[in-house]
Amino acid sequence: MSYIDEIYEVWQIVFQNICEKKGQSFANLWFKDLKINSFTNNTVVFSSDSEFKYSQLKENHLPLLENEFSHFMPCKVDIVFTGTSTRAENITDSIMSEEQKKPNISRRVPLLL
């Protein structure tokens with residue numbers, strides 16, 4: 001069994017504990033869609049599905065995760081979240097490109113009544 005498999009099993013237990021302590025709805029909202037990207041040097045890297053969720057997890061729920069992991073790991077585990085900023089930047093760039101394709105109408109046409 002690889003380290004990532006083991007950390008995935010620990011993550012399942014941590015998630016269940018969060019469900020029991022904070023409620024299923026809370027756990028599903030904030031943690032269900034997290035994906036483990038890697039586990040190296042005692043650091044678990046999670047990715048989230050939205051920039052908003054990424055920021056909220058980092059700002060408000062990081063201590064909860066660190067505490068829960070500490071119950072099942074032999075050493076302190078650091079938790080890192082990766083957001084979707086690259087994807088968001090690509091979407092913004094795409095929108096800007098579309099805006100640049102639109103004709104520039106700088107002259108207003110008066111309304112005829």
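Residues numbered from 1 in each chain as written. Predicted model: local features only at pLDDT ≥ 70, side-chain atom pairs only at ≥ 80, totals over all residues. Heavy atoms only, no water.

Peer 1: Tell me what's going on with the packing of aromatic side chains, and back it up with residues and numbers.
Peer 2: Evaluation of the coordinates by the stated rule reveals seven aromatic pairs. Ring geometry for Trp30 versus Phe52: centroids 6.2 Å apart, planes at 40 degrees, classification tilted. With Trp30 in helix 2 (residues 24–30) and Phe52 in helix 3 (residues 51–70), this pair connects stretches of sequence that are 22 residues apart. For Trp30, a relative accessible area of 12% gives the class buried. Here a set of aromatic residues connected by ring pairs shows up, and it is made of Trp11, Phe15, Phe46, Phe69 and Phe81. Above the face of the Phe26 ring, Lys22 is positioned so that its terminal group lies 6.0 Å from the ring centre. (Phe/Tyr/Trp six-rings, centres within 6.5 Å; stacked < 30°, edge-to-face > 60°. Helix = DSSP H or I, 4+ residues; strand = E, 2+ residues; numbered from the N terminus. Buried < 20%, exposed > 50% of the residue type's maximum accessible area, 1.4 Å probe, protein only. Lys NZ or Arg CZ within 6 Å of the ring centre and 35° of its normal.)

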